[in-house]
Structures are given as structure tokens and as C-alpha cells.
Amino acid sequence: MLLRRLAQLYVGLALYGLGIALQVASRLGNDPWDTLHQGLARQTGLSIGTWIIIAGALVMLLWIPLRQRPGLGTISNVILVGVFTDLFLWLLPDPHGLPLRSGYLVAAILVGGFATGCYIGAGFGPGPRDGLMTGLAARGHSVRVVRTGIEVTVLLFGWALGGTVGVGTLLYAVTIGPLAHVFLPLLTVERSPAAA
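Below: a short report on this structure.

Turning next to helix H3 (residues 48–61). The end-to-end C-alpha distance of H3, which contains 14 residues, comes to 20 Å, matching closely the 20 Å that a straight helix rising 1.5 Å per residue would cover. Tucked into the core, H3 has its buried residues touching helix H1 (2–26), helix H2 (32–44), helix H4 (63–66), helix H5 (72–91) and helix H7 (128–137).

Encoded structure:
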């Protein structure tokens, strides 16, 4: 059971990096956090993956006053999603023409939803950004308000820094929740009481 959970965690993180790379390569609009990562990359010359790692580590510092505890999945997320994003951005062919770019975008969102189910369903802790949201929500704030506030803030900062906002941003926003809702129950690994 542990090996299956570990495999699912790391496959999920690799696929999450693939999803980000597909969406960035589509040039049709990134999700809010990756708009920020791309904007920072454009301003500094560091890669998007590097900024995913830096931002994840900085967000984890915000966990301290919220008394959130990272798990193996949290630490792995901080390090590996950025690594896999840069790897896949390097490997993926540049899509030419709107049909191929649109295909990248649709694939990105589907892969992202599946990957979310994989790494969260493995049960090794939330990603740093999700942990920030749940930590703030645990202080008596609405999850919807906290999530929306965080996403809008990072989207605006990312857009101001030159990150790509477009139809893909909107499509991601309206589909990722329903996709995660479908994939998470399918991919949640039941643990024995001793393991939990």
C-alpha cells in the first residue's frame, strides 16, 4: 500500500508539471499561480520552474503562524513540480497554430485535474498553496473567499509582471474544481487505521 501511495504521489507531481508546461506552452492563458511564476520569470531571467520552487518555499513560510504541518507530499510538491515543469517545457514541441495550441490547453487542464487527484489522493499532505488556503480557512474564513482572494491577488500580480492571461485562465478556473471533484474520490488510496 505504501509503495502504491508513493508511486501515485510522484506520478501525480510529474503529471502536474506536465499540465503546467502544456498550459504555458499553449500561450492561451495560465492558471493564476503560473501567471505569477511566468511573470516573475520574465522579470528576472530565472525559469518558471525555479519560480514555482521559490514561491512554494515562501508560501510554506506562511504556514508557520497558521500552525500547518507539511507532509512528504508537501515537500515533494515544492521541489518536484518546478523541476518537472522546466523539464517538460524543454521537451514539448512548440505548438504552431490555434488548433494545436488549443489541444495543449485542453490536455493541460485534463492532466492537471487527474494529477491533482493523484497527489492529494496519495495522502501525503497538501501542496503548499492548498495548505495556505486550508490554514486560513481553519481560522474561521470561508474557503471560497480565501481561495478566490488568493487566486485573484496572484493573478493580478502575475499579469502586472507580464504573465499570460487569456481564455485558458478562465477555462482553468471553471473546470479544475469539477475535475478534481471527479478524480479525487477515484484516486484516494484508503489507508489502514495504523497507517493513518
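Attention shifts here to the pattern of salt bridges. If you walk through the whole model with that rule in mind, you get three salt bridges. The residue arginine 27 makes a salt bridge to aspartate 94 at a minimum N-O spacing of 3.0 Å. With arginine 27 in the loop between H1 and H2 and aspartate 94 in the loop between H5 and helix H6 (98–121), the pair connects residues that are 67 residues apart, well separated along the chain. Between aspartate 130 and arginine 147 there is a salt bridge, and its shortest N-O distance comes to 3.7 Å. Of this pair, aspartate 130 sits in helix H7 while arginine 147 sits in helix H8 (residues 143–160); the two residues are 17 residues apart in sequence, bridging distant segments of the chain.

Counting residues in each nonpolar core, the largest one holds 34 residues, and the members touching the most others are Leu9, Tyr16, Ile20, Trp33, Val81 and Leu132. Listing elements by their share of this core, those giving two or more residues are H1, H2, H3, H4, H6, H7, H8 and helix H9 (167–187). Sequence-distant contacts of leucine 9, defined by excluding residues within four places in its chain, comprise Leu72, Gly73, Ser76, Tyr119, Ala122 and Phe124. By size, the runner-up hydrophobic cluster in this structure holds six residues, among which are Ala25, Tyr104, Ala108 and Val111.

What follows deals with the packing of H6 against H9. Between H6 and H9, the shortest axis-to-axis distance is 8 Å and the interhelical angle comes to 40°. As H6 packs across H9, the resulting crossing turns out to be right-handed. From H6, Leu105, Ile109, Leu110, Gly112, Gly113, Phe114, Thr116, Gly117, Cys118, Ile120 and Gly121 reach across to H9, where they touch Gly168, Leu171, Tyr172, Thr175, Ile176, Leu179, Ala180, Phe183, Leu184 and Leu187. Tallied by class, residues from the contact of H6 with H9 come to 14 nonpolar, seven polar and no charged.

A few words now on the packing of aromatic side chains. Applying the stated rule across the entire model yields three aromatic pairs. Both rings, one in phenylalanine 114 and one in phenylalanine 183, keep their centres 5.4 Å apart while their planes meet at 90°; by these two values the pair is edge-to-face. On the criterion of sequence distance, the pair formed by phenylalanine 114 in helix H6 and phenylalanine 183 in helix H9 is long-range, its members being 69 residues apart. Given the relative accessible area of 19%, phenylalanine 183 is considered buried. Cation over ring: arginine 5 sits above phenylalanine 124, and NZ or CZ is 4.0 Å from the ring centre. One Lys or Arg, arginine 129, reaches over the ring of tryptophan 33 and ends 5.1 Å from the middle of that ring.

It is worth spelling out the environment of leucine 28 at this point. Examined against the element boundaries, leucine 28 turns out to sit in the loop between H1 and H2. Residue classification places leucine 28 among the buried residues on the basis of a relative accessible area of 12%. Leucine 28 sits 61 residues away from leucine 89 along the chain, and the two C-alpha atoms are 15 Å apart. Setting aside chain neighbours within four positions, we find leucine 28 in contact with Leu98, Arg101, Ser102, Leu105, Gly166, Val167, Gly168 and Thr169.

Within the secondary structure, leucine 80 is located in helix H5. Not counting residues within four places of it along the chain, the set of residues in contact with leucine 80 comprises Tyr10 and Leu13.

For H9, built from 21 residues, the straight-helix expectation of 30 Å at 1.5 Å per residue is met to within 8% by its first-to-last C-alpha distance of 29 Å. For H9, the principal kink sits at threonine 175 and spans about 35°; a proline, proline 178, occurs within the next four residues. Taken as a whole, H9 has its buried residues at Gly168, Thr169, Tyr172, Ile176, Leu179, Ala180, Phe183 and Leu187.

This brings us to unusual backbone geometry. Even without glycine at this site, arginine 27 takes up a positive phi of about 60°. Given a relative accessible area of 40%, arginine 27 falls into the partly exposed group. The backbone of arginine 67 sits at a positive phi, close to 55°, despite the residue not being glycine. Judged by relative accessible area, which is 73%, arginine 67 ranks as exposed.

What counts as what
- Residues numbered from 1 in each chain as written.
- Predicted model: local features only at pLDDT ≥ 70, side-chain atom pairs only at ≥ 80, totals over all residues.
- Heavy atoms only, no water.
- Helix = DSSP H or I, 4+ residues; strand = E, 2+ residues; numbered from the N terminus.
- Expected span 1.5 Å × (residues − 1).
- Contact = heavy atoms within 4.5 Å.
- Salt bridge = Lys/Arg side-chain N within 4 Å of Asp/Glu carboxyl O.
- Core = buried A, V, L, I, M, F, W, Y, C linked by side-chain atoms within 4.5 Å.
- Buried < 20%, exposed > 50% of the residue type's maximum accessible area, 1.4 Å probe, protein only.
- Axes fitted to C-alpha atoms, helices over the stretch in contact; angles between N-to-C directions.
- Left-handed = near helix turned anticlockwise from the far one by under 90°.
- Nonpolar A, V, L, I, M, F, W, Y, C, P; charged D, E, K, R; others polar.
- Phe/Tyr/Trp six-rings, centres within 6.5 Å; stacked < 30°, edge-to-face > 60°.
- Lys NZ or Arg CZ within 6 Å of the ring centre and 35° of its normal.
- Bend = angle between axes of the 7 residues up to and from the residue.

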